Amino acid sequence: RLETIQEKYSATGSTTRLYFHGRELPLNSSIGSHNFQDHDILECCRSPAISAALSSCLKDMDAVKKLCPRERTRENLAIILQTPPYLKYNESFWKSWSEEKLKSRMINMAIMKSVLQRQDRYQVHDLPYCHDCQSLFNALESHNVWRA
């Protein structure tokens, strides 16, 4: 049964849902009733690629957090962060890594990931499939996530 899988892999006891090809699976159903094939992957949200990107960004932010503020130079940050070329000479970007700004970025990314995965208090937000950052932003705006 799918609820057995959900309980087994939900370490925090949250109500993580399971998805297959962007479609939420009913937890009170059996695995056999879905005709899964070998190597099919069950996901924890409708937009697993965006969720994985947010996880990666959070890991990068954690690496930046381990640097003391005076070590957060352009050279050190460039080793950790993969930035687009137009930011290479943008001084304000490289100077915006104070403890407060880093904390704010990490909180916002964690919220976005929680909303995508419908965890804890964000489980009421059933976002559509998001294929890029703009579609994620639009979905978060339409669900009033930032105003809650």
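Our subject is the structure that appears above.
Quick look at helix α6 (residues 133-142) now. When α6 is considered as a whole, its buried residues turn out to be Ser135, Leu136, Ala139 and Leu140. Across the axial projection of α6, the buried residues extend over an arc of 135°, all falling on one side. Facing away from the buried side of α6, by more than 90 degrees, are the exposed residues Cys133 and Ser142. Those residues of α6 that are buried are in contact with α2 (48-65) and α5 (99-116). With a side-chain oxygen lying 3.3 Å from the backbone nitrogen of Gln134, the N-terminal cap of α6 falls on Asp132.

Of all hydrophobic cores here, the largest spans 26 residues; its most connected members are Leu54, Leu77, Trp97, Val115, Leu127, Leu136 and Leu140. For this core, the secondary structure elements donating two or more residues are α2, α4 (91-94), α5 and α6. Tallying contributions element by element places α5 first for this core, with 7 residues. Residue contacts for Leu136: discarding those within four places in its chain leaves Ile50, Leu54, Met112, Leu116, Leu127 and Cys130.

The subject of this paragraph is the packing of α2 against α5. Relative placement of two packed helices is described by the angle separating their axes and the distance separating the axes. Direction vectors running N to C along α2 and α5 enclose 160°, while the axes themselves pass 10 Å from each other. The orientation of α2 with respect to α5, classified from their angle, is roughly antiparallel. Crossing geometry of α2 relative to α5 is assigned as left-handed. Each of Ile50, Ser51, Leu54, Ser55, Cys57, Leu58, Met61, Asp62, Val64 and Lys65 in α2 lies in contact with α5, whose residues at this interface are Leu102, Arg105, Met106, Met109, Ala110, Met112, Lys113 and Leu116. Residue composition of the contact of α2 with α5, grouped by class: 12 nonpolar, 2 polar and 4 charged.

Before going further, it helps to spend a moment on the pattern of salt bridges. Oppositely charged side chains can form a pair if their charged atoms are brought close together. Going through the model one piece at a time under the given rule, you end up with 4 salt bridges. In this structure, the salt-bridge partner of Glu91 is Arg74, at a minimum N-O distance of 2.0 Å. Of this pair, Glu91 sits in helix α4 while Arg74 sits in helix α3 (residues 74-80), and the two are 17 residues apart along the sequence. Linking Asp126 and Arg118 is a salt bridge whose minimum nitrogen-to-oxygen distance equals 3.4 Å.

The rules behind each value
Residue numbers run consecutively from 1 along every chain, following the written order of its sequence. For a predicted model such as this one, the threshold for reporting local features is a pLDDT of at least 70, and the threshold for listing and counting side-chain atom pairs is 80 or more; totals across whole chains, interfaces and linings nevertheless cover every residue. Water and hydrogen atoms play no part in the side-chain values, which are based on all heavy atoms of the structure. The rule is simple: take the accessible area with a 1.4 Å probe, protein chains only, and divide by the maximum for that residue type; under 20% is buried, over 50% is exposed, in between is partly exposed. Only runs of H or I of at least four residues qualify as helices and only runs of E of at least two qualify as strands under DSSP, and these elements are numbered from the N terminus. It is the directions from the helix axis to the C-beta atoms whose arc is reported. We call two residues in contact when some of their heavy atoms are within 4.5 Å. In the analysis that follows, any N or O atom pair within 3.5 Å is treated as a polar contact, provided that within protein one partner can donate a hydrogen and the other can accept it, and provided that, for residues neighboring in sequence, both atoms belong to side chains. Working definition of a nonpolar core: buried Ala, Val, Leu, Ile, Met, Phe, Trp, Tyr and Cys residues. They are joined through side-chain atoms within 4.5 Å. Between N-to-C directions, angles cover 0 to 180 degrees, with each direction set by a line fitted to C-alpha atoms, over the stretch in contact for helices. Should an angle fall under 35 degrees it is taken as roughly parallel, and over 145 as roughly antiparallel, whereas 65 to 115 is taken as roughly perpendicular and any remaining angle as oblique. For any pair of crossing helices, the crossing counts as left-handed if the nearer helix is rotated counterclockwise from the farther one by less than a right angle, and right-handed if it is rotated clockwise. Basically, the charged four are Asp, Glu, Lys and Arg, the nonpolar ten are Ala, Val, Leu, Ile, Met, Phe, Trp, Tyr, Cys and Pro, and anything else, Gly included, counts as polar. For this document, the term salt bridge refers to a Lys or Arg side-chain nitrogen within 4 Å of an Asp or Glu carboxyl oxygen.

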